[in-house]
Amino acid sequence: MDGTKKRKFHTSVRNLVEFIFREGDIDNRHGRLQSAEAMQEGSRIHRKIQSEQGENYLAEVPLSVTIDEANYSLVVEGRADGIFTEETEDAEQTFIDEIKGMYANVSMFEQPIYVHKAQAMCYAYIFAKDNLLEHIGIQMTYCNLDDEERKIFREVFSYDELKLWFDNLILSYKRWTDFEYEWRIVRQASIKELQFPYPYRQGQKKLVGDVYRTIARKKNLFIQAPTGVGKTISTVFPAVKAVGEELADRIFYLTAKTITATVAKETFLLLMEHGYKAKMIHLTAKEKLCMCEEMDCNPVHCPYAKGHYDRVNDAVYDLLQKSDCFTREEILAQAELFQVCPFEMSLDVATWADDIICDYNYVFDPNVYLKRFFQEGIRGDYIFLIDEAHNLVERSREMYSARLCKEDFLQIKRLLTPYNRKLVKGLERCNRILLDMKRECDEYEIYDDIGPLLYALTRLASDLDEFLQKPVDIAGRDDVLDFYFEVRNFLDIYDRVDEHYVIYTEIGEDGCFYLKLFCVDPSKNLQECLDKANSAIFFSATLLPINYYKSLLSEREDDYAIYAESTFEQSQRLLLFGRDVSTKYTRRSADEFDRIAQYIYRTIRCRKGNYMVFFPSYKLMEQVQDALTGILQGEQAESIRLIAQKNGMREQEREAFLEEFAAESTDTLVAFCVMGGIFGEGIDLKKDQLIGAVVVGTGLPQVSNERDILKNYYDERNGNGFDYAFRYPGMNKVLQAAGRVIRTSEDRGVILLLDERFLQRDYDALYPREWSDRKICSAQNIEELVLQFWDKQTL
């Protein structure tokens, strides 16, 4: 089907009424408290209320209505929470029940919230139309999620009243669907003619075909994509072509780092230069878009928050008419012009974008995800392109875990003592339970059940909610609010706890006592998100062993996996493994540090240029740096300059660090860095900017309670506890560090891995195929091997 044929556009009842009827201010003093309601939709309270009704009550009834326009149809759809009929004196009266679980004190409601009422009115219109009813009622059932107190509102409408109201609603929405229809014709026509912008590299055409076929079959694909295969264009291009063939309608390019997001944006822009027409946005964090000195989102402190919802739809529509690529600068200028919040406006612009580049959390994080696309019950025609997918393992563990700090309860108690005795008692109750748990804790303690604390937390959260709804001016209100959301998040995450979680307590390095819900295996939670899309493509240059990542990032047994061919020649680099050196704790000594330093010195003195040396920790880095400094002083090697990464470097310091590699110099530069840190991946130093990397150690994560829990969990599950907790995460950091050297076909360089454990059989299966030419060296012959390599490059 091409874009000129009559097609259907779909919108949910909820999205429609929230979009059209929103008004007034952004107000974090109240809205943040009510936002948790959205996360609870369709949850425990809905099911409980529905189950309590009689057999005459129909729950979760799917309803839809199709509105035919001249060139397209609009389908408005959703699920009514309940439909029931009551006998009256005159006749039977049908009601649509709209259930809203909220943390607010519902007994104080004097009337229903209008957007909630509007949802019920939409369902009432659709049901009355389908069943030829002259009158129909709506029932708004509000329920407090903590104490389950309820407040019910009812109203009866004639069908004619509802039809007039609904027709006006659709008329207000028509300019948006007209735009979407007309723009889609332009987009689809441009994709038909779109060609791959470059001559295909070796194996690249096959990779593009594999991605396209995966999308066509609505499957997931894991790609081990060595540097140089052009993974970004090789995934974006087939995804765009799939959209052109009606296999999807929107592309989400997901990444963990700004630099990869920039590459993605440049790739979409490249296709646009070749004729592709699309609306594209790169979602930027609120902190980077806020136009106020202090980010306090309410009408008192922010002029852009005041009346935001009264103006934002016009701002978005105007921007859609005059631009295709929504840059940060354009978003800020438009927000200033219409006096709206740039961040919130950018989220609304994304609703109408074809290509959305964003951080993982906009799709996967239960607290941040874009509800307009991914709320419960919605599945879209989406493609997920997940870049640097190896990062998603730890990121998703963080997203789906939660923790509480015992000391926070005492701090909040001190803040609230002058204001609310009931809250103080609730905080003391929770603290006593945590104190009992602390007394049982040695290194760490695992729990199967924390029922008494959950009950106390639920009551505390309800009391905090009621307190924070009141306009009480207290010192430390922001601290209380942050604590409230930590408690709420803990309770929400607990609803997810199952065999994929471990509940444990520990005393942290800061001396505080923590209770943590640790998502050891995030695959189930991630799969719920992946199911919202037609297809997901996971790719990285370090996705080995691929079955490890498949097991943690998806639950589907039919996911595909491929190994893309490297386009680089093995002769471009020398890959050496040092055999007589180790970074094991039992071997660490001045002699061992000196041996590592000798390896580094004998490598870098063979050729002037820029080198990076990666270490598993700052401590070992400093110890070897001292040893190398001693060698350089003894050799009077004044032309070799050392710099070192510092812990907690600011953005300006990072940029200055990287600028050292671009500067012209007659010296040799040796940069000491930490594996897995800010310089360990995601940076491109091409040609002579970097000619060598030394990786010291196997990158094993430091021993901790969490790593011990991971090891024990996977030992019980598959017998691979050490691999899952230590070896695989460590090897990923090694591969990322080694991958800094060869970035283009013109690059030449040396890669040296220093730890005899790399020679063990357990590591053989973890190396990329293109590492088959690795050589073993010693401190005695390394210089000879490196000189031979550089001599060949000058022939």
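Here the structure is a predicted model, which is why all the values come from computation and not from measurement. (Residues numbered from 1 in each chain as written. Predicted model: local features only at pLDDT ≥ 70, side-chain atom pairs only at ≥ 80, totals over all residues. Heavy atoms only, no water.)

Student: Help me understand empty space enclosed by the protein in this model?
Tutor: One water molecule sets the probe size; rolling that probe over the atoms shows where empty space is left. Scanning the entire structure with this criterion turns up five cavities of 30 Å³ or more. In this structure, the largest cavity occupies an estimated 330 Å³ of space. In terms of lining, the largest cavity is formed by 20 residues, of which the most central are T227, G739, I742, E770 and W771. Considering only residue class, the lining of the largest cavity consists of ten nonpolar, five polar and five charged. (1 Å grid on protein atoms, 1.4 Å probe; cavity = no way out; pocket = protein on both sides within 12 Å on 5 of 7 lines; lining within 4 Å. Points joined across faces, edges and corners; volume = space filled by probe spheres on them. Nonpolar A, V, L, I, M, F, W, Y, C, P; charged D, E, K, R; others polar.)

Student: Before we go on, may I ask you to explain the sheet that holds strand β9 (residues 280–282) in this structure?
Tutor: Sheet strands pair via backbone hydrogen bonds, and the direction of the pair is either parallel or antiparallel. The sheet built from eight strands is open, its strands ordered β10-β9-β11-β8-β12-β17-β7-β18 with parallel pairing. Either end of the sheet is taken by a strand with one partner, and the two such strands are β10 (325–326) and β18 (560–563). Relative to β18, strand β7 (residues 220–224) runs parallel, the two sharing four bridges. In the sheet register, L221 faces β18, and the bridge partner there is Y560. Lying over the sheet, helix α13 (residues 342–350) contacts β8 (250–255), β9, β10 and β11 (355–359), oriented at roughly 145° with respect to β9. (Pairing = 2+ DSSP bridges. Helix = DSSP H or I, 4+ residues; strand = E, 2+ residues; numbered from the N terminus. Contact = heavy atoms within 4.5 Å. Axes fitted to C-alpha atoms, helices over the stretch in contact; angles between N-to-C directions.)

Student: How should the pattern of salt bridges be read in this particular structure?
Tutor: Following the criterion strictly, the structure yields 48 salt bridges and no others. Residue R372 pairs with D348 through a salt bridge whose shortest N-O separation is 2.6 Å. Within this pair, whereas R372 is found in helix α15 (residues 371–374), its partner D348 is found in helix α13, the two being separated by 24 residues in sequence. Looking at D348, the relative accessible area reads 4%, which means it is buried. Note that R757 is salt-bridged to D755, the shortest N-O span being 2.9 Å. Connected via shared salt-bridge partners are R7, R184, R187, E246, D249 and D354. (Salt bridge = Lys/Arg side-chain N within 4 Å of Asp/Glu carboxyl O. Buried < 20%, exposed > 50% of the residue type's maximum accessible area, 1.4 Å probe, protein only.)

Student: When you look at the environment of Q111 in this model, what are you seeing that I'm missing?
Tutor: Note on placement: Q111 falls in the loop between β4 (92–102) and α5 (114–131). The spatial distance from the C-alpha of Q111 to the C-alpha of R154 is 9.8 Å, given a sequence separation of 43 residues.

Student: Honestly, helix α11 (residues 308–322) in this entry has me stumped. Any pointers?
Tutor: Quick reminder: α-helices carry 3.6 residues per turn. Residues three or four places apart thus point the same way. Taking 1.5 Å per residue, 15 residues should reach 21 Å; α11 reaches 21 Å between its end C-alpha atoms and fits that length. All of the buried residues in α11 are H308, V312, N313, A315, V316, L319 and L320. Along the axis of α11, the buried residues cluster in a sector spanning 165°; they form a single face. What points out from α11, more than 90 degrees from its buried face, is the exposed set D310 and K322. Contacts from the buried residues of α11 go to α1 (13–21), α6 (159–192), β10, α12 (328–338) and α13. (Expected span 1.5 Å × (residues − 1). Arc of directions from axis to C-beta.)

Student: I'm lost on the side chain of E98 in this one. Help?
Tutor: Checked against the element boundaries, E98 lands in strand β4. With near-sequence residues (within four places) excluded, E98 lies in contact with D81, H116, Q119, A120, Y123, Q139, M140 and T141.

Student: What's the story with α5 in this structure? I'm lost.
Tutor: Taking 1.5 Å per residue as the helical rise, α5 with its 18 residues ought to reach 26 Å, and the 25 Å between its terminal C-alpha atoms agrees with that figure. Backbone geometry just downstream of α5 places L132 in the positive-phi region, at approximately 55°.

Student: Just to check I follow, could you spell out a negative patch on the surface for this structure?
Tutor: On the surface, a cluster of negative charge is made up of E293, E294, D478 and D479. Within the secondary structure, E294 is located in the loop between α10 (286–289) and α11. (Patch = residues over 30% accessible without salt bridge, like charges linked within 9 Å, V, L, I, M, F, W, Y side chains within 5 Å. Areas by Shrake-Rupley, 256 points an atom, 1.4 Å probe, with all protein chains shown as cover. Lys, Arg positive; Asp, Glu negative; His and termini not counted. Charge placed at Lys NZ, Arg CZ, Asp CG, Glu CD.)

In short, geometric facts, not functional conclusions.
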